[in-house]
Amino acid sequence: MAMSSVKVSPTASALSSTIKHLGSNSRFITSLGGVKGVRGGRRKLSITMSSPLEVCVKASVTVPNRLGDCPFSQRILLTLEEKHLSYEMKLVDLTKKPEWFLKISPGGTVPVLKLDEKWITDSDVIAQSLEEKYPDPPLGTPPKKASVGSKIFPTFIGFLKSKDPSDGTEQALLNELASFNDYLKENLVGYVSISVAWGTRHVIQWGHCTQSH
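Residues numbered from 1 in each chain as written. Predicted model: local features only at pLDDT ≥ 70, side-chain atom pairs only at ≥ 80, totals over all residues. Heavy atoms only, no water.

Asks: Would you explain the overall build of the chain in this entry?
Replies: A count of helices and strands for the chain gives seven helices and five strands. From first element to last, N terminus to C terminus, the chain shows the α and β order β-α-β-α-β-α-β-β-α-α-α-α. Relative to its 213 residues, the chain shows a buried fraction of 37%. Only carbon and sulfur atoms are counted for the fraction: they give 55% of the accessible area of the chain, which is about 13000 Å². (Helix = DSSP H or I, 4+ residues; strand = E, 2+ residues; numbered from the N terminus. Buried < 20%, exposed > 50% of the residue type's maximum accessible area, 1.4 Å probe, protein only. Areas by Shrake-Rupley, 256 points an atom, 1.4 Å probe, with all protein chains shown as cover.)

Have a look at this one:
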């Protein structure tokens, strides 16, 4: 099957689905599947929509009708959840991309979201478009913090693509992680520092979502 569709109201959480996909944690999920807020209370819905937004995301390659391991797709689902927007989640099998999907996403990538009768690709563009149309609650990064950790991902990609162990890409990644770790220690109350070397070894082992953008 190339695609399955699931309608999700703001109380039937994609965050729950994401957490269950990665490993259930009862601290975040209520007994009815809703998501608790930071203070432990069930959040209130802030937006009433005539019809849910349509969003195409990666389907699991191992479990039928389950959300896949694409962080870009999960980012948009979390954004929709945090903004309390109803949506219809279309799970797309990226190994068997249907023709209708390629028409709305010529590059064959996910996520793709329909907003104001227009299909939008690229998670950065989608997130910004949602922020502009639904500004409450604001999820944008404050300008003074916009550069924090911004070099980690491109440095990580450079490391993954490297074929020369002595070209300095590993050390560059270690430096970026160490810098981010120092920032968290200085600015996040209660943050427990981790071993950057240990974290790097485990991060390096992750290389999924090769067919998503």
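Structure shown, so let's carry the discussion forward.
Asks: Honestly, the pairing of strand β5 (residues 118-121) in this entry has me stumped. Any pointers?
Replies: Successive side chains on a regular strand alternate, one facing one side of the sheet and the next facing the other. Strand direction decides the pairing type here: strand β4 (residues 112-115) and β5, joined by four bridges, are antiparallel. Bridge pairing in β5 links V112 to T121. Taking the residues that link successive antiparallel strands as the turn, the β4-β5 hairpin has two residues, and the phi of D116 there is positive, at about 55 degrees. (Pairing = 2+ DSSP bridges.)

Asks: What am I meant to see in the pattern of salt bridges here?
Replies: Pairing of side chains with opposite charge becomes possible as their charged atoms draw close. Counting across every chain of the model gives nine salt bridges. Ionic pairing is found between E88 and K90, a salt bridge with its closest N-O pair at 3.4 Å. With respect to burial, E88 and K90 carry one shared label: buried. Among the salt bridges present, the one from E117 reaches K114, with a minimum N-O distance of 3.7 Å. Overall, K114 belongs to the partly exposed group, its relative accessible area being 23%. A cluster of three or more residues bridged by salt bridges with shared partners is formed by E54, E88, K90, K114 and E117. (Salt bridge = Lys/Arg side-chain N within 4 Å of Asp/Glu carboxyl O.)

Asks: Honestly, the pairing of strand β2 (residues 53-58) in this entry has me stumped. Any pointers?
Replies: Among the six residues that make up β2, five are buried, leaving the element largely enclosed by the rest of the structure. As paired elements, β2 and strand β3 (residues 87-92) share six bridges and run parallel to each other. When the sheet's bridge partners are listed, V57 is paired in β3 with L91. For the handedness criterion, the β-α-β arrangement of β2, helix α2 (residues 71-82) and β3 is classed as right-handed. Inspection of the sheet shows β2 paired to β4 by three bridges, in the antiparallel sense. Residue E54 lies in a different strand from β4, and its bridge partner there is K114. (Right-handed = clockwise from strand over helix to strand, strands pointing away.)

Asks: Quick question: what am I supposed to make of the nonpolar core here?
Replies: Nonpolar side chains in soluble globular proteins tend to be buried together. In terms of nonpolar packing, the biggest core is built from 19 residues, with L53, V55, L77, L80, M89, L113 and L130 touching the most fellow members. Residue assignment for this core shows that the elements contributing at least two residues are β2, α2, β3, β4 and α4 (123-133). Core analysis: the second largest hydrophobic core is formed by eight residues, L94, F101, I104 and V110 among them. (Core = buried A, V, L, I, M, F, W, Y, C linked by side-chain atoms within 4.5 Å.)

Asks: What am I meant to see in α2 here?
Replies: Three- or four-residue spacings in an α-helix give side chains the same orientation, since the helix completes a turn every 3.6 residues. Counted at 1.5 Å a residue, the expected span for α2 with its 12 residues is 16 Å, and the 16 Å between its end C-alpha atoms agrees. Where α2 is concerned, the buried positions are S73, Q74, I76, L77, T79, L80 and E81. Just beyond α2, the residue with positive phi is H84, at close to 60 degrees. (Expected span 1.5 Å × (residues − 1).)

Asks: I tried to follow α4 on my own but got confused; where do I start?
Replies: Where α4 is concerned, the buried positions are S123, I126, A127, S129, L130 and E131. The secondary structure elements touched by the buried residues of α4 are β2, α2, β4 and β5. A side-chain oxygen of the first residue of α4 lies 2.9 Å from the backbone nitrogen of D124; this N-cap is D122. (Contact = heavy atoms within 4.5 Å. Polar contact = N/O pair within 3.5 Å; in protein donor to acceptor, adjacent residues only side chain to side chain.)

Asks: Got a minute to help me understand the environment of L173 in this structure?
Replies: Along the chain, L173 turns up in helix α6 (residues 169-187). The spatial distance from the C-alpha of L173 to the C-alpha of F153 is 8.9 Å, given a sequence separation of 20 residues.

Asks: Which parts of the structure should I look at to understand the packing of aromatic side chains?
Replies: The geometry of two aromatic rings is summed up by the distance between their centres and the angle between their planes. Tallied over the entire structure, the rule returns two aromatic pairs. Residues F72 and F153 carry aromatic rings whose centres are separated by 6.3 Å and whose planes lie at 85 degrees to one another, so their mutual orientation is edge-to-face. Of this pair, F72 sits in helix α2 while F153 sits in helix α5 (residues 152-161), and the two are 81 residues apart along the sequence. In this structure F72 comes out as partly exposed when scored by relative accessible area, which is 24%. Centre to centre, the rings of W100 and F101 are 6.0 Å apart; their planes meet at 75 degrees, and the pair counts as edge-to-face. (Phe/Tyr/Trp six-rings, centres within 6.5 Å; stacked < 30°, edge-to-face > 60°.)

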